[in-house]
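Residue-level listing of the chains:
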Amino acid sequence: MANLYISCILFTQLLLIHFAKTGAKVPAIIVFRDSTVDAGNNNVIPTLLKSNFQPYGRDFFGGRPTGRFSNGRILPDFISEAFGLKPIVPAYLDSMYSISDFATGVCFASAGTGYDNATSDVFNVIPLWKEVEYYKDYQSKLRAYLGHRKANYVLREALYLVSLGTNDFLENYYVFPLRQSEFTVEQYQDFLIGLSGNFLREIYRLGARKISLTGLPPMGCLPLERTTNIFGNHECIEEYNKVAVNFNLKLKGLVAKLNQDLPELKLVFTESMYDIAYQIIKKPASFGFDVARVACCSTGTFEVQAPGTKLATTITMANLYISWVFFTQLVLIHFAKTGAKVPAIIVFGDSTVDAGNNNVISTLLKSNFQPYGRDFFGGRPTGRFSNGRIPPDFISEAFGLKPFVPAYLDSMYSISDFATGVCFASAGTGYDNATSDVLNVIPLWKEVEYYKDYQSKLRAYLGHRKANYVLREALYLVSLGTNDFLENYYIFPRRQSEFTVEQYQDFLVGLSGNFLREIYSLGARKISLTGLPPMGCLPLERTTNIFGNHECIEDYNKVAVNFNEKLKGLVAKLNQDLPRLKLVFTENIYDIFYQVIKKPASFGFDVAGVACCSTGTFEMSYLCSKSNPLTCTDANKYVFWDAFHPTERVNKVIVDNIVGLLLKEFS
């Protein structure tokens with residue numbers, strides 16, 4: 001909101017009225033805030049909330065993505081220029097700049113932060129108290145650079161820009177139950193006002209005298225919020241806007257009190273900012289804009305940071321952390337805002353989501369032994385192909401259900417456990433029955449038979465009416481297809497003799513459609529379908545690419561891209577053909593995961609080329625044994641756990657770092 005051109009003009013005018021016209025010089029711009037003004041501090045911390053890649057920054061100087069959440073400059077840059085200073089305000093943690101650059105302007109802001117420390121924990125970003133610590137460090141460096149007298153003058157006469165609070169509501173209060181259990185929304189506003197007052201008094205104590213404080217935008221009109229307002233015709237969520245208006249009135253009262261209490265303080269609250277932004281949204285043409293309902297990047301409906309990547313394919317990777325971050329976001333957008341409760345998670349698929357069904361069948365493809373599960377509850381190997389939990393577990397927890405989804409064939413669990421979640425998945429399976437034959441695992445048709453058996457048991461346990469409600473309102477997760485190519489088509493001659501790779505894709509899409517229609521006929525109405533990952537980048541495939549210097553096999557990746565496009569077409573057709581079906585194909589995930597593999601450090605990982613277990617090049621299942629001395633000691637540094645599957649951290653960060661799109665009022 002704040003970085004809209006018109007907003008910048010009017011906001012700058014207000015500041016000039018209050019500060020420039022007094023005759024006092026503003027020698028520097030000092031910024032504390034969130035993503036509206038973060039100039040790139042998040043680039044260097046282990047968080048997913050980054051924007052240091054194209055198309056971000058495409059209209060910045062040199063077309064360079066800096067970490068600003070914009071196509072170009074942001075509000076402080078225009079403010080700095082308006083006060084006769086440099087045309088940009090650099091991020092304090094950006095190694096390109098030094099204290100000589102920061103002497104006329106510095107940004108401590110961190111995208112995703114808020115007044116409430118719990119808000120910064122969501123995305124693992126810089127909390128406000130840490131921004132203050134960086135400011136203290138800056139003061140010391142500035143005094144060393146300019147001398148105490150001149151530095152104190154700069155710190156006293158500088159203009160301090162402070163604006164945050166939106167994340168406290170949209171990424172914290174309205175998403176997670178903790179603050180809602182402690183405060184009504186009115187009480188939470190008062191809690192934040194107290195934190196704001198404490199922060200302003202603190203920077204005043206440290207020398208700040210000219211402070212511009214902005215409040216909340218019409219946050220119910222953000223494209224993301226409008227996207228989730230399905231039954232409101234995707235209009236602004238006015239309830240959120242009313243909260244913003246009320247909170248801003250409280251901030252205005254705080255400003256009046258602090259100006260009265262603190263000598264020489266000039267604290268300005270730019271109260272017209274909400275109205276300006278609201279008018280731009282409601283009447284964009286009056287301000288020279290064509291579109292206000294959606295954003296420029298990607299579909300403009302839900303994407304922020306990674307989904308707006310330069311790559312344009314629309315693919316998914318359900319078994320890897322980044323995939324599940326955005327998978328969870330998309331699922332919640334489509335289902336949470338409808339007001340319908342998700343009473344259970346029901347899973348069909350392969351090893352990406354198998355919770356242990358393979359433990360009880362005659363197959364070599366098992367993982368119910370250490371070191372698998374070493375980071376699961378109690379250090380127990382469950383049959384999950386990971387060092388800990390897998391995506392459906394985190395999805396279940398995100399929907400307010402149990403912290404893991406049990407395997408249907410696991411004798412430790414009964415129908416009372418399965419009433420809120422059940423997994424029928426089998427590692428090594430695929431759409432093609434011939435794929436399940438390779439390692440003698442459960443074919444997809446058999447997963448459906450187990451589901452029918454489950455339905456009978458659930459009706460006996462809950463009664464027909466309640467059981468049918470659960471089956472209808474449950475969220476069905478479907479993830480498979482990789483094995484059909486990597487364990488079948490590219491290995492054995494039969495399917496290659498029958499189909500070209502293009503024809504095999506069509507064959508699989510047909511099987512997928514038959515499966516989806518079958519579970520629809522059995523009562524499924526909310527289904528999330530994921531496609532293929534960049535399967536040419538799995539450690540096992542890279543290991544075999546000897547003459548390609550062990551890089552990703554791009555031919556396989558191209559097949560994945562093409563197959564996912566076909567799945568996307570299938571989803572559109574089924575949604576059109578089947579009444580009351582809500583089938584979601586999670587787009588844009590392929591690109592995101594591809595970026596994680598290519599630039600792991602940007603996402604907080606050290607290693608993506610090989611896995612943690614054993615040599616990390618080809619081992620999985622029994623080859624990944626506890627006795628192997630080469631297995632890494634810290635799986636958190638690795639993207640992959642074994643040669644085919646991710647580490648728990650890749651999935652765990654979903655809960656730790658996704659908020660704005662994670663839990664949206666389930667009732």
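Quick caveat: nothing in here was measured; it's all calculated off a predicted structure.

Conventions adopted
- Within any chain, residue numbers begin from 1 and follow the written order of that chain's sequence.
- Given that this is a predicted model, residues contribute local features only at a pLDDT of at least 70 and side-chain atom pairs are listed and counted only at 80 or more, while totals for whole chains, interfaces and linings are drawn from all residues.
- The basis for every side-chain value is the complete set of heavy atoms in the structure, and neither hydrogens nor water enter the calculation.
- A run of H or I in DSSP becomes a helix once it reaches four residues, and a run of E becomes a strand once it reaches two; helices and strands are each numbered from the N terminus.
- Categorising residues by exposure relies on relative accessible area from a 1.4 Å probe, with only protein chains included: less than 20% of the type maximum marks a residue as buried, more than 50% marks it as exposed, and the intermediate range marks it as partly exposed.
- Here the expected length of a helix is defined as 1.5 Å per residue gap, with one fewer gap than residues.
- The directions from the helix axis to the C-beta atoms form the arc being described.
- When DSSP finds at least two bridges between two strands, those strands are taken to pair.
- Fitted lines through C-alpha atoms give the axes, limited to the stretch in contact for helices. The angle between two N-to-C directions lies from 0 to 180 degrees.
- Here a residue-residue contact requires only that any non-hydrogen atoms of the pair lie within 4.5 Å.
- Here a polar contact means two N or O atoms within 3.5 Å. Within protein one must be a hydrogen donor candidate and the other an acceptor candidate, and residues neighboring in sequence count only if both atoms are side-chain atoms.
- A residue's pLDDT is the confidence the predictor assigns to it, expressed on a 0 to 100 scale.
- For the purposes of this analysis, a disulfide is any pair of cysteine sulfur atoms at a distance within 2.5 Å.
- Put simply, angles under 35 degrees are roughly parallel, angles over 145 are roughly antiparallel, angles from 65 to 115 are roughly perpendicular, and the rest are oblique.
- The handedness criterion is simple: a crossing whose near helix is rotated anticlockwise from the far helix by less than a right angle is left-handed, and one whose near helix is rotated clockwise is right-handed.
- Classification used: nonpolar for Ala, Val, Leu, Ile, Met, Phe, Trp, Tyr, Cys and Pro, charged for Asp, Glu, Lys and Arg, polar for all others including Gly.

Some points on the overall build of the protein
The number of helices and strands found in the protein is 25 helices and ten strands. Split into buried and exposed, the 667 residues of the protein put 60% on the buried side.

Some words on helix α17 (residues 444-462)
For α17, spanning 19 residues, the distance from its first C-alpha to its last is 26 Å, which sits close to the expected 27 Å at 1.5 Å a residue. Taken together, the buried positions of α17 are occupied by L444, E447, V448, Y451, Y454, Q455 and L458. For α17, the angular spread of buried residues about the axis comes to 110 degrees, placing them on one side. Of the residues flanking the end of α17, it is G463, one or two places downstream, whose phi is positive at about 90 degrees.

A few points about the sheet that holds strand β8 (residues 475-479)
Judged by pairing direction, the sheet is parallel, and its five strands sit side by side in the order β7-β6-β8-β9-β10 without closing on themselves. Looking along the sheet, the strands with just one partner apiece sit at the ends: β7 (421-423) and β10 (582-585). Across this sheet, the average inter-strand angle for adjacent strands is 15 degrees, counted without regard to direction. Bridge analysis of strand β9 (residues 526-530) against β10 gives four bridges, and the strand direction is parallel. Following the sheet pairing, K526 is matched in β10 by K582. In the packing of α17 onto the sheet, contacts are made with β6 (345-349), β7 and β8, and the angle to β6 comes to roughly 160 degrees.

Quick word on the sheet that holds strand β5 (residues 266-269)
What the five strands build is an open sheet, ordered β2-β1-β3-β4-β5; its pairing is parallel. Bordering the open sheet on either side are β2 (105-107) and β5, each of which pairs with just one other strand. Across the sheet, the mean angle separating the axes of adjacent strands is 15 degrees when strand polarity is ignored. Sheet topology places strand β3 (residues 159-163) next to strand β4 (residues 210-214); five bridges connect them, and they run parallel. Looking at β4, one finds that L159 is bridged to K210. Those strands touched by helix α2 (residues 75-82) are β1 (29-33) and β3, and its axis lies near 160 degrees from that of β1.

Comments concerning the side chain of S367
Positionally, S367 belongs in the loop between β6 and α14 (391-398). At a separation of 2.8 Å, a polar atom in the side chain of S367 contacts the main-chain carbonyl oxygen of G383. Polar contacts involving the side chain of S367 include one to the main-chain carbonyl oxygen of R384, which spans 3.2 Å. Those residues in contact with S367 that lie beyond four places of it in its chain are Y372, P381, G383, R384 and F385.

Concerning the environment of Y135
Residue position: Y135 is located in helix α5 (residues 128-146). Sequence separation between Y135 and I30 is 105 residues; the distance between their C-alpha atoms is 9.0 Å. With sequence-adjacent residues up to four places away left out, Y135 is seen in contact with I30, F32, F108, L155, Y160, L206 and A208.

Observations regarding the confidence of the model for the protein
Confidence in the prediction of the protein, expressed as mean pLDDT, is 83, and 81% of residues score 70 or more. Taken as a whole, residues 1-14 scores under 50 in pLDDT and shows 38 contacts with residues more than four places along the chain or in a different chain. Low confidence marks residues 20-24, where pLDDT is under 50. Its contacts with residues over four positions away, or in another chain, come to six contacts.

Notes on helix α11 (residues 238-261)
Turn by turn, an α-helix covers 3.6 residues, leaving residues three or four places apart pointing in a common direction. With 24 residues, α11 extends 35 Å from end C-alpha to end C-alpha; this agrees with the ideal 34 Å at 1.5 Å per step. Every buried residue belonging to α11 is among Y240, N241, V243, A244, F247, N248, L251, L254, V255 and L258, and all of these are buried.

Focus on the environment of L48
Relative to the helices and strands, L48 resides in the loop between β1 and α2. Of the residues examined, L48 reaches a relative accessible area of 3% and is grouped as buried. Note: C-alpha distance between L48 and F603 (555 residues apart in sequence) is 5.9 Å.

Describing the side chain of N41
Locating N41 in the fold gives a position in the loop between β1 and α2. Judged by relative accessible area, which is 1%, N41 ranks as buried. Here Y92 takes part through its backbone nitrogen, which lies 3.2 Å from a polar atom of the side chain of N41. Beyond its immediate sequence surroundings of up to four residues, N41 is in contact with A91, Y92, L93, C107, F108, A109 and I126.

Brief notes about the state of the cysteines
Applying the stated criterion to the full structure yields three disulfides. Each sulfur of the disulfide joining C613 and C624 lies 1.6 Å from the other. Taking the sign of the S-S torsion, 115 degrees for the link of C613 and C624, the bridge is right-handed. Here C613, found in the loop between α24 (589-598) and α25 (648-657), pairs with C624, found in the loop between α24 and α25; they are eleven residues apart in sequence, far enough to count as distant. Judged by its relative accessible area of 0%, C613 is buried. Taking the relative accessible area as the measure of exposure, C624 reaches 0% and is therefore buried.

Quick word on the pairing of β4
Extensive coverage of β4 is indicated by the burial of five of its five residues. Two strands pair when backbone bridges link them, and β4 and β5 are joined in this way by four bridges, in the parallel orientation. Paired with I211 across the strands is L267, a residue of β5.

Thoughts on the packing of α5 against helix α6 (residues 148-157)
Viewed as axis vectors pointing N to C, α5 and α6 meet at an angle of 135 degrees, and their least axial separation amounts to 7 Å. One element, α5, and the other, α6, form an angle in the oblique class. Between α5 and α6 the crossing geometry is right-handed. Contact residues: Y135, Y138, Q139, L142, R143 and L146 in α5; H148, K150, A151, N152, V154 and L155 in α6. Among the residues making up the contact of α5 with α6, the classes are represented as seven nonpolar, three polar and two charged.

Examining the environment of M96
Inspection of the secondary structure assignment puts M96 in the loop between α2 and α3 (99-102). Residue M96 is classed as exposed on the basis of its relative accessible area of 55%. What M96 contacts, discounting residues up to four positions off in sequence, is R64 and D101.

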